[in-house]
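A closer look at the structure
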Amino acid sequence: MNKQAWIQCALEKGMDNLEIYQSLSSQRSMTWYEGKLDTMTNSRVMGTSIRGVYQNKMANMAFEKIEDEDKEKVIEQLIEQAKLLSTKEPDQIREPESFDVVKKERNWVRPSNELVQQTLQILEQKLKAYDPRILQVNELGYEEAFGSRSIFNSLGLDVQDEDQMQILMAYVVAGQGEDVQVNYEVEIVEDLASFDLDAFVKKVCDKALEKLQASSIPSQMMPVIFETEAMTSLFQSFVGLFNGELLYKGISCLKDKMNEKIFSDKITIIDDPRNTDALSIANFDDEGCPTHKKTLVDQGVFVQALHSTKTANCMHTQSTGNGFKSGYAATVGVSPMNCQILPGDHSLEQLCQLMKDGLVITDLQGLHAGIDFVSTDFSLQASGYLVKDGKRSQSVTLITVAANFMELMRSVVAVGNDLDWSYHTIKSPSIYFEKCAISGE
């Protein structure tokens, strides 16, 4: 693609500025079922998104295939699209800025198809042999993905980067009597040849077995620890409170609360697309704005929102480098990246000892239907286990946990130290709260 020719054509036809965004995504995946390869797919997609500003209005078009001879037609369509837009907020293409490039050192070793299949076969055998209560291995899979993106615009911006991942997945069914439970795990794998299969098998199976013989409990208010995965799910559902677009539109309850204390002083929230502890990093967002580490909540005080260029302009501030797309064909929105609640000093075991008697929630369901984002009320199906005298007791299921997220985050007793990024871009450690409403028997 002759990008400079596209830029020249756009400017000659009267556009203020033009940007060409391209992403390359290649993927290989295999699934294994009942002793044989079930599926194997390979894909490679190059996507191109062209957006341009005409009379302060941004038009956008996306293509999987595009040729240089299409440029005049596409530019004319962009202009016509911009004429039809009625948005009042002005859009702009970003000028280039200098930034230091952070690189994440990962020793990815791409396995052969034969090694992947051999590993999945051995993994299935080990899972089935782990415990007689493991009734079935429903799904095993390996997936790898490589992606790159580049942004080129009429103001001189010319940036590119790339990313990669490899993961192993397992889904098992455990049963005892009439009780049947499942567990699904995903693990990052840098080198499949040296990966600790036995440790993965233990993790997958133990979590399924721990759920067996679970029962409900009487409805009550009680101390609760949201274990890291459950707390991450809850935090992810409400991280949009810091979204500059939702703040500007008045949808977030944090509107007009800047520099006010909103959470417990034990809560500090950081967003850092350059955090090399996470799986993926980004030196710039999908507008070409350099990313940086920023504190959203400092010891309970709301000090920073997340912004794209557009939301920053609307709120008379600067972009935070959080203008990201959900895909090459999508428009730029505001998204967190590598956003975390900072961990504390307590292990999960120490949190249980501190709580003495209460409930640990390990799994939440119904996150789409059971959450009111505007009021931050939630009522979610949950499972976990009771803690008696600081130690794990019976497994619990068929309960509902309900609270108001803003109020809950003001009632923090202690924050755990068990934050592990794995494949997440939003993460929380385990957190011990004073109490929650539990509905059960």
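Everything numeric in this text was worked out from a predicted model, so none of it was measured. (Residues numbered from 1 in each chain as written. Predicted model: local features only at pLDDT ≥ 70, side-chain atom pairs only at ≥ 80, totals over all residues. Heavy atoms only, no water.)

1. Let's talk about the layout of surface pockets
Counted as a void, the largest pocket has a volume near 1600 Å³. What lines the largest pocket is a set of 47 residues, among which E185, K207, E227, E229 and T362 lie closest to the centre. Elements represented by at least two residues in the lining of the largest pocket include exactly β6 (179–188), α4 (197–210), α5 (228–238), β14 (358–365), β15 (377–388), β16 (391–404) and β18 (426–427). Residue classes in the lining of the largest pocket are distributed as 17 nonpolar, 16 polar and 14 charged. If you add up the space inside the second largest pocket, you get close to 1200 Å³. Lining the second largest pocket are 38 residues, with R149, D163, S280, K325 and S326 positioned closest to its centre. For the lining of the second largest pocket, the secondary-structure elements that each account for two or more residues are β1 (17–33), β2 (36–54), β4 (134–153), β5 (158–176) and β12 (333–334). Of the residues forming the lining of the second largest pocket, the biggest block, six residues, is contributed by β5. Here the lining of the second largest pocket is built from residues that sort into 18 nonpolar, 14 polar and six charged. (1 Å grid on protein atoms, 1.4 Å probe; cavity = no way out; pocket = protein on both sides within 12 Å on 5 of 7 lines; lining within 4 Å. Points joined across faces, edges and corners; volume = space filled by probe spheres on them. Helix = DSSP H or I, 4+ residues; strand = E, 2+ residues; numbered from the N terminus. Nonpolar A, V, L, I, M, F, W, Y, C, P; charged D, E, K, R; others polar.)

2. Topic: the packing of aromatic side chains
In the structure shown here, the tally under the stated rule is nine aromatic pairs. Between F226 and F433, the ring centres sit 5.6 Å apart and the planes meet at 80°, which makes this aromatic pair edge-to-face. Taken together, the residues span a long stretch of sequence, with F226 in strand β7 (residues 220–226) and F433 in strand β19 (residues 431–439) at a distance of 207 residues. For the pair F226 and F433, a shared accessibility class is recorded, and that class is buried. (Phe/Tyr/Trp six-rings, centres within 6.5 Å; stacked < 30°, edge-to-face > 60°. Buried < 20%, exposed > 50% of the residue type's maximum accessible area, 1.4 Å probe, protein only.)

3. Digging into the packing of helix α1 (residues 3–12) against helix α2 (residues 71–84)
Taken N-terminus to C-terminus, the directions of α1 and α2 make an angle of 45°; their axes are 10 Å apart at the nearest point. For the element pair α1 / α2, the angle class is oblique. The handedness of the crossing between α1 and α2 is right-handed. Residues A5, W6, C9 and A10 of α1 lie in contact with α2, whose contacting residues are K71, E72, V74 and I75. Residue composition of the contact of α1 with α2, by class: six nonpolar, no polar and two charged. (Axes fitted to C-alpha atoms, helices over the stretch in contact; angles between N-to-C directions. Parallel < 35°, antiparallel > 145°, perpendicular 65-115°, else oblique. Left-handed = near helix turned anticlockwise from the far one by under 90°. Contact = heavy atoms within 4.5 Å.)

4. Things to note about the sheet that holds β18
Ordered by their spatial adjacency, five strands build an open sheet running β10-β9-β8-β13-β18, and the pairing between neighbours is mixed. Strand pairing shows two members of the sheet lacking a second neighbour, β10 (301–302) and β18, which therefore form its edges. The pairing of strand β8 (residues 269–271) with strand β9 (residues 294–298) spans three bridges and is antiparallel. Bridge assignment links I269 to a residue of β9, and that residue is V297. (Pairing = 2+ DSSP bridges.)

5. Focus: the sheet that holds strand β3 (residues 57–63)
With respect to topology, six strands assemble into an open sheet ordered β3-β2-β1-β4-β5-β6, the strand pairing being antiparallel. With one partner strand each, in any of the chains shown, β3 and β6 form the two edges of the open sheet. Sheet twist, expressed as the mean angle between neighbouring strand axes with direction ignored, is 20°. Direction of pairing for β2 relative to β3: antiparallel, over a ladder of seven bridges. Across the sheet, the residue bridging to V53 is M58, located in β3. In the packing of α1 onto the sheet, contacts are made with β1, β2 and β4, and the angle to β1 comes to roughly 135°. Its contacts with the sheet put α4 on β4, β5 and β6, and the angle it makes with β6 is roughly 145°.

6. Here we look at the side chain of D286
You can see D286 is positioned in the loop between β8 and β9. Owing to a relative accessible area of 4%, D286 belongs among the buried residues under this scheme. In this structure the side chain of D286 is engaged in a polar contact, spanning 3.1 Å, whose partner is the side chain of Y21. Within the local environment of D286, its side chain forms a polar contact with the side chain of R149, the two groups lying 2.6 Å apart. Once residues lying within four places of it in the same chain are set aside, the contact partners of D286 are E19, Y21, R149, I151, G323, F324, K325 and V332. (Polar contact = N/O pair within 3.5 Å; in protein donor to acceptor, adjacent residues only side chain to side chain.)

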